[in-house]
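# A structural walkthrough
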Amino acid sequence: MKTIIESGIKKSMPYQAYRDLVEDLVEKRATTGHEQSTALINYTKLNAKRMRRWDKTLKVSDAAKKRLSKFDMKVTWLVITESWCGDAAHILPVLNKIAEMNPNINYRLVLRDENPKLMDAFLTYGNRAIPKLIIIDNATGNILNTYGPRPSEATGFVNRFKAMNGTLTESFKQDLQHWYNDNKGQNVIDDITEILSQLQSATVYQ
């Protein structure tokens, strides 16, 4: 597993490089991943707009900032993603904002289809669901936790809808995007802040 993680980190890029890549793909009318369909290319274009908006407008509360400042473990956040992924477009800017607030967090992104072994080591219910955040202890290389592909509230909505309807409809997917817009990244901030607090507490009491 450590070899797979190390390979993923070597192939990874910082957030700004990923943002530049997506903008370049929009100009070229292309997308990341093996499939270059019109639909996925259009999703990449839409996601570039979403990320631009969140990069400019995302807010983190003073309470969350205070909790985040207490995290003093040196970690790498390795996120598996693709430019066409709608969930990623909402989540990645939030993770970047959090990482910018704490120098102990090294935030890196890696593409799913170029790293199948890494993706297959972190499946969600047997699926290659993205984005997937892997939190790695820099000192030991151990995996401390994972997060994704969706924040906790969105995961609940999706699971309940699937239980009742079997699969996600286009109408539900649109509703989910509205939820992301209304929530403004706060559920991701709450989830990640809690994860980091738990990791910090576990280290203190070891």
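Structural data are supplied above this passage.
Criteria and cut-off values
Residues numbered from 1 in each chain as written. Predicted model: local features only at pLDDT ≥ 70, side-chain atom pairs only at ≥ 80, totals over all residues. Heavy atoms only, no water. Helix = DSSP H or I, 4+ residues; strand = E, 2+ residues; numbered from the N terminus. Rg over C-alpha atoms; globule rule 2.2 N^0.38 Å. Buried < 20%, exposed > 50% of the residue type's maximum accessible area, 1.4 Å probe, protein only. Contact = heavy atoms within 4.5 Å. Areas by Shrake-Rupley, 256 points an atom, 1.4 Å probe, with all protein chains shown as cover. Lys, Arg positive; Asp, Glu negative; His and termini not counted. Charge placed at Lys NZ, Arg CZ, Asp CG, Glu CD. Salt bridge = Lys/Arg side-chain N within 4 Å of Asp/Glu carboxyl O. Axes fitted to C-alpha atoms, helices over the stretch in contact; angles between N-to-C directions. Parallel < 35°, antiparallel > 145°, perpendicular 65-115°, else oblique. Left-handed = near helix turned anticlockwise from the far one by under 90°. Nonpolar A, V, L, I, M, F, W, Y, C, P; charged D, E, K, R; others polar.

A separate point is the overall build of the protein chain. Within the protein chain one finds nine helices and four strands. Listed N to C, the secondary structure of the protein chain is α-α-α-α-β-α-β-α-β-β-α-α-α in terms of helices and strands. Computed over the C-alpha atoms, the radius of gyration of the protein chain is 17 Å, within 12% of the 17 Å expected from 2.2 N^0.38 for a compact globule of 206 residues. Its C-alpha atoms give the protein chain principal-axis dimensions of roughly 50 × 35 × 35 Å. The burial tally for the protein chain puts 50% of its 206 residues in the buried class. In the protein chain, the proportion of contacts linking residues at least 24 apart, taken out of those at least 6 apart, comes to 75%. Per element, the accessible surface of the protein chain, about 10,700 Å² overall, is 51% carbon and sulfur. Across the protein chain, the mean location of the 29 positive side-chain charges is 1 Å away from that of the 23 negative side-chain charges.

Turning next to the pattern of salt bridges. Overall, the coordinates contain nine salt bridges when judged by the stated rule. The partner of E23 in a salt bridge is R19, with the nearest N and O atoms 3.4 Å apart. One end of the pair, E23, and the other, R19, are both in helix α2 (residues 15-28), four residues apart, so they sit about a helical turn from each other. Residue E23 is classed as partly exposed on the basis of its relative accessible area of 23%. Residue D24 pairs with K28 through a salt bridge whose shortest N-O separation is 3.0 Å. One end of the pair is D24 and the other is K28, both in helix α2 and four residues apart, which spans about a single turn. Using a relative accessible area of 34% as the deciding quantity, one classes D24 as partly exposed.

Right, let's get into unusual backbone geometry. The omega torsion of the bond from I130 to P131 falls at 0°, within 30 degrees of zero and hence cis. With respect to the secondary-structure elements, P131 resides in the loop between α6 (116-120) and β3 (132-137). Cis geometry marks the peptide bond from G148 to P149; its omega dihedral reads 10°. Locating P149 in the fold gives a position in the loop between β4 (143-147) and α7 (152-165). Positive phi values are uncommon outside glycine, yet R29 reaches one of about 50°.

Attention shifts here to the packing of α7 against helix α8 (residues 170-183). Running from N to C, α7 and α8 cross one another at 165°; their axes reach a closest spacing of 11 Å. With respect to α8, the axis of α7 lies roughly antiparallel. As α7 packs across α8, the resulting crossing turns out to be right-handed. Contacts from E153, A154, F157, V158 and F161 in α7 reach F172, L176, W179, Y180 and N183 in α8. Counted by class, the contact of α7 with α8 contains eight nonpolar, one polar and one charged residues.

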